[in-house]
Amino acid sequence: QVQLVESGGGLVRAGGSLRLSCAASGDIFSLYAMGWYRQAPGKQRELVAVVSSSGSTNYRDSVKGRFTISRDNAKNTVYLQMNSLKPEDTAVYYCNAVKVVTGLSYWGRGTQVTVSS
């Protein structure tokens, strides 16, 4: 099974940028659809962005035009570039991998993103 490790979180002022990375190991990365989710205190985990095994992307409406998801299959890594950050983007961000052929889902431990106003 795949193991996922997120990095790149931190504290940033509103309007700033961060880039999250998720390094995968333990299986063939290109067999997985990859996604970023987030969970704010007291709220349910929500999908932020996904990139398929073929590279197509999809975003939740509130981050369209600000966030960009990408993957580098040679580096077994998926990224989330976050620009024009807002306080409401504050959450723990989780990396998710879904193996296309089985539908099995795997999670990283998360990385905290805090946006101050």
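Residues numbered from 1 in each chain as written. Predicted model: local features only at pLDDT ≥ 70, side-chain atom pairs only at ≥ 80, totals over all residues. Heavy atoms only, no water.

(A) Molecular detail of the sheet that holds strand E3 (residues 18-25). If you walk across this open sheet you meet the four strands as E1-E3-E8-E7, and the pairing is antiparallel. Two strands lie at the open edges of the sheet, namely strand E1 (3-7) and strand E7 (67-72), each paired on one side alone. Sheet twist, expressed as the average angle between the axes of neighbouring strands with direction ignored, equals 15°. Inspection of the sheet shows E7 paired to strand E8 (residues 77-82) by six bridges, in the antiparallel sense. (Pairing = 2+ DSSP bridges. Helix = DSSP H or I, 4+ residues; strand = E, 2+ residues; numbered from the N terminus. Axes fitted to C-alpha atoms, helices over the stretch in contact; angles between N-to-C directions.)

(B) Up close: the packing of aromatic side chains. All chains considered together, the criterion is met by three aromatic pairs. Relative to Trp107, the ring of Tyr37 has its centre 4.9 Å away and its plane inclined at 70°; by these criteria the two rings are edge-to-face. Remark: Trp107 occurs in strand E10 (residues 105-107) and Tyr37 occurs in strand E4 (residues 32-39); sequence separation between them is 70 residues. Between the aromatic rings of Tyr94 and Trp107, the centroid separation amounts to 6.5 Å while the plane-to-plane angle is 85°, which identifies the pairing as edge-to-face. Pair noted here: Tyr94 is in strand E9 (residues 91-99) and Trp107 is in strand E10, with a separation of 13 residues, a long-range link. (Phe/Tyr/Trp six-rings, centres within 6.5 Å; stacked < 30°, edge-to-face > 60°.)

(C) Broad picture of the side chain of Arg71. By the element assignment, Arg71 lies in strand E7. Of the side chains bearing the opposite charge, Asp72 lies closest to the buried Arg71, which forms no salt bridge; the N-O distance is 8.4 Å. Among the polar contacts made by the side chain of Arg71, one reaches the main-chain carbonyl oxygen of Ser52 at a distance of 2.9 Å. Each residue touching Arg71, except ones within four places of it in the same chain, is listed here: Phe29, Ser30, Tyr32, Ala33, Met34, Val51, Ser52, Ser53, Thr77 and Val78. (Buried < 20%, exposed > 50% of the residue type's maximum accessible area, 1.4 Å probe, protein only. Lys, Arg positive; Asp, Glu negative; His and termini not counted. Salt bridge = Lys/Arg side-chain N within 4 Å of Asp/Glu carboxyl O. Polar contact = N/O pair within 3.5 Å; in protein donor to acceptor, adjacent residues only side chain to side chain. Contact = heavy atoms within 4.5 Å.)

(D) Fine view of unusual backbone geometry. Its identity is not glycine, yet Asn76 carries a phi of approximately 55°, on the positive side. Position of Asn76 relative to the elements: it lies in the loop between E7 and E8. For Asn76, a relative accessible area of 26% puts it in the partly exposed group. Positive phi is not limited to glycine here, since Ser84 has a value of about 50°. Within the element layout of this structure, Ser84 appears in the loop between E8 and E9.

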